[in-house]
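Residue-level structure breakdown
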Amino acid sequence: MARKKLYTNNKEKSKDDFKRKKQIKEQVKSVLIACEDKISSPNYFKMIIKKLIGDKKITQDSLVIAKHEHVNPKGVLKDLLNHKKDDKTYKDFEHRWIVIDRDIARVNGGGHPKDDFLTALSEAKSKKVEVAYSNDCFEIWYLLHFVYRDTAISRDDVIKEVIKKLKDKNFATFSKLNKENIKTKEMTELIFNELLELQKTAIKNAKKLLENYADLHNPELDNPSTRVFELVEILSNKIL
């Protein structure tokens, strides 16, 4: 008669855990991201990270958001290049991305000079860093979840359109949404969850936009456009 096991083989368990963690690390390449704003775009990507970790598809250190020190394109690149934690620098990551806006300088203040944006693009290329830019702002990525838009639109109008679309889709959740709180952590998390089911549509629309510019493609002038979808694709392929 076979003897029953009266204990748990912790050694075997540890081997299985190690094997699973190793498989996860092999499945998702390491990604380092630096963002221009301090709340909305980093929180959006943190929501992707949170879901991936919850689904046990990545480990905690597979994706890292660099420390936020600057709010202009050249500065964001500097934040990424200066990243150092646990003896890892930006060079130790397989994917290195900065998330920036064209954000044309406005008469009443705000925005960036053209040269700042263009210098960030050229310097990023020389350092083998990818750029998930948006022209004019990150929220164009939200809008593309709802509609394909290929005519120029200002930053303020993009945000107005996004707010309207979200309220039309789910007024109960977004009844208090406005241009002042759209970038808060709470709203970013609500927006991420609401838009997740439409992510494939946004990717399709963003790709089509870039394709339409063809040989005349110029990130500084192409309004609207965004490369955020390329970074999202790297991550979203693991959760959709």
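The structure reproduced in this document is the subject of the present report. (Residues numbered from 1 in each chain as written. Predicted model: local features only at pLDDT ≥ 70, side-chain atom pairs only at ≥ 80, totals over all residues. Heavy atoms only, no water.)

**Digging into the pairing of strand β5 (residues 95-101)**
- Within β5, six of the seven residues are buried, which leaves it mostly tucked inside the rest of the structure.
- Looking at chain direction, strand β1 (residues 31-35) and β5 are connected through five bridges and run parallel. Within the sheet, the bridge partner assigned to L32 lies in β5 and is R96.
- Two strands pair when backbone bridges link them, and β5 and strand β6 (residues 130-135) are joined in this way by five bridges, in the parallel orientation. Note that in β6 the partner of I98 across the bridge is V131.
- For the handedness criterion, the β-α-β arrangement of β5, helix α4 (residues 114-126) and β6 is classed as right-handed. (Buried < 20%, exposed > 50% of the residue type's maximum accessible area, 1.4 Å probe, protein only. Helix = DSSP H or I, 4+ residues; strand = E, 2+ residues; numbered from the N terminus. Pairing = 2+ DSSP bridges. Right-handed = clockwise from strand over helix to strand, strands pointing away.)

**Focus: the packing of aromatic side chains**
- Evaluation of the coordinates by the stated rule reveals seven aromatic pairs.
- Aromatic side chains Y44 and Y142 sit 6.0 Å apart centroid to centroid with 50° between the ring planes, which places their arrangement in the tilted category. Remark: Y142 occurs in helix α5 (residues 139-143) and Y44 occurs in helix α2 (residues 40-54); sequence separation between them is 98 residues.
- Ring geometry for Y44 against F192: centres 5.4 Å apart, planes inclined by 80°, an arrangement best described as edge-to-face. Placement of Y44 in helix α2 and of F192 in helix α8 (residues 185-195) is noted, with a sequence separation of 148 residues between them. We note that Y44, like F192, is buried.
- Aromatic rings pair up to connect Y44, F45, F138, Y142 and F192 into one cluster.
- Sitting over the face of the ring of F93, K88 holds its NZ or CZ atom 4.3 Å from the ring centroid. (Phe/Tyr/Trp six-rings, centres within 6.5 Å; stacked < 30°, edge-to-face > 60°. Lys NZ or Arg CZ within 6 Å of the ring centre and 35° of its normal.)

**Section: the packing of α2 against α8**
- Contact pair α2 / α8: the axes reach a minimum separation of 9 Å and the direction vectors enclose 50°. Taken together, the axes of α2 and α8 lie oblique to each other. Handedness of the crossing formed by α2 with α8: right-handed. Residues S40, N43, Y44, M47 and I48 of α2 form the contact with α8, whose own contacting residues are K185, T188, E189, F192 and N193.
- Across the contact of α2 with α8, the residue classes tally to four nonpolar, four polar and two charged. (Axes fitted to C-alpha atoms, helices over the stretch in contact; angles between N-to-C directions. Parallel < 35°, antiparallel > 145°, perpendicular 65-115°, else oblique. Left-handed = near helix turned anticlockwise from the far one by under 90°. Contact = heavy atoms within 4.5 Å. Nonpolar A, V, L, I, M, F, W, Y, C, P; charged D, E, K, R; others polar.)

**Some points on the pattern of salt bridges**
- Tallied over the full model, the rule gives 12 salt bridges.
- Between K169 and E194 there is a salt bridge, with the nearest N and O atoms lying 2.7 Å from each other. Here E194 lies in helix α8 and K169 lies in helix α6 (residues 155-169), a separation of 25 residues in the sequence.
- On the basis of relative accessible area, K169 is assigned to the partly exposed category, the value being 32%.
- In this structure, a network of salt bridges that share partners links the residues D101, D103 and R155. (Salt bridge = Lys/Arg side-chain N within 4 Å of Asp/Glu carboxyl O.)

**What to know about the nonpolar core**
- Ranked by internal contacts, the top residues of the largest apolar core, which has 63 residues, are Y44, F45, I98 and W141.
- At six residues, α2 tops the list of elements feeding residues into this core. (Core = buried A, V, L, I, M, F, W, Y, C linked by side-chain atoms within 4.5 Å.)

**Examining the sheet that holds strand β7 (residues 225-226)**
- On the basis of which strands lie adjacent, the open sheet formed by five strands has the order β2-β1-β5-β6-β7 and mixed pairing. Sheet topology places β2 (63-65) and β7 at the edges, where each strand pairs with a single neighbour.
- Sheet topology note: the β1/β2 ladder contains three bridges and is parallel. Each residue of the ladder has a partner; that of V31, found in β2, is L63.
- This element, helix α3 (residues 73-81), spans β1 and β5 of the sheet and lies at about 155° to β5.

**Some words on the packing of α3 against α4**
- As a packed pair, α3 and α4 sit with axes 7 Å apart at the nearest point and diverge in direction by 30°. With respect to each other, α3 and α4 are oriented roughly parallel. For the pair formed by α3 and α4, the contact residues are P73, K74 and L77 on the first element and D116, F117, T119, A120, E123 and A124 on the second.
- Residue composition of the contact of α3 with α4, grouped by class: five nonpolar, one polar and three charged.

**Structural notes on unusual backbone geometry**
- Cis peptide bonds are those with omega within 30 degrees of zero, and the linkage from N135 to D136 qualifies with 15°.
- Structurally, D136 can be placed in the loop between β6 and α5.
- Backbone torsion omega between N223 and P224 reads 5°, so that peptide bond is classified as cis.
- A positive phi is found at D87, a non-glycine position, where the angle reads about 65°.
- Relative to the helices and strands, D87 is located in the loop between β3 (84-85) and β4 (88-89).
- Taking relative accessible area as the criterion, D87 reaches 72% and is therefore assigned exposed.
- With a phi close to 45°, D103 is a non-glycine residue in the positive phi region.
- Checked against the element boundaries, D103 lands in the loop between β5 and α4.
- The exposure class assigned to D103 is buried, which follows from its relative accessible area of 5%.

Note that all results are geometric; they support no functional claim without further evidence.
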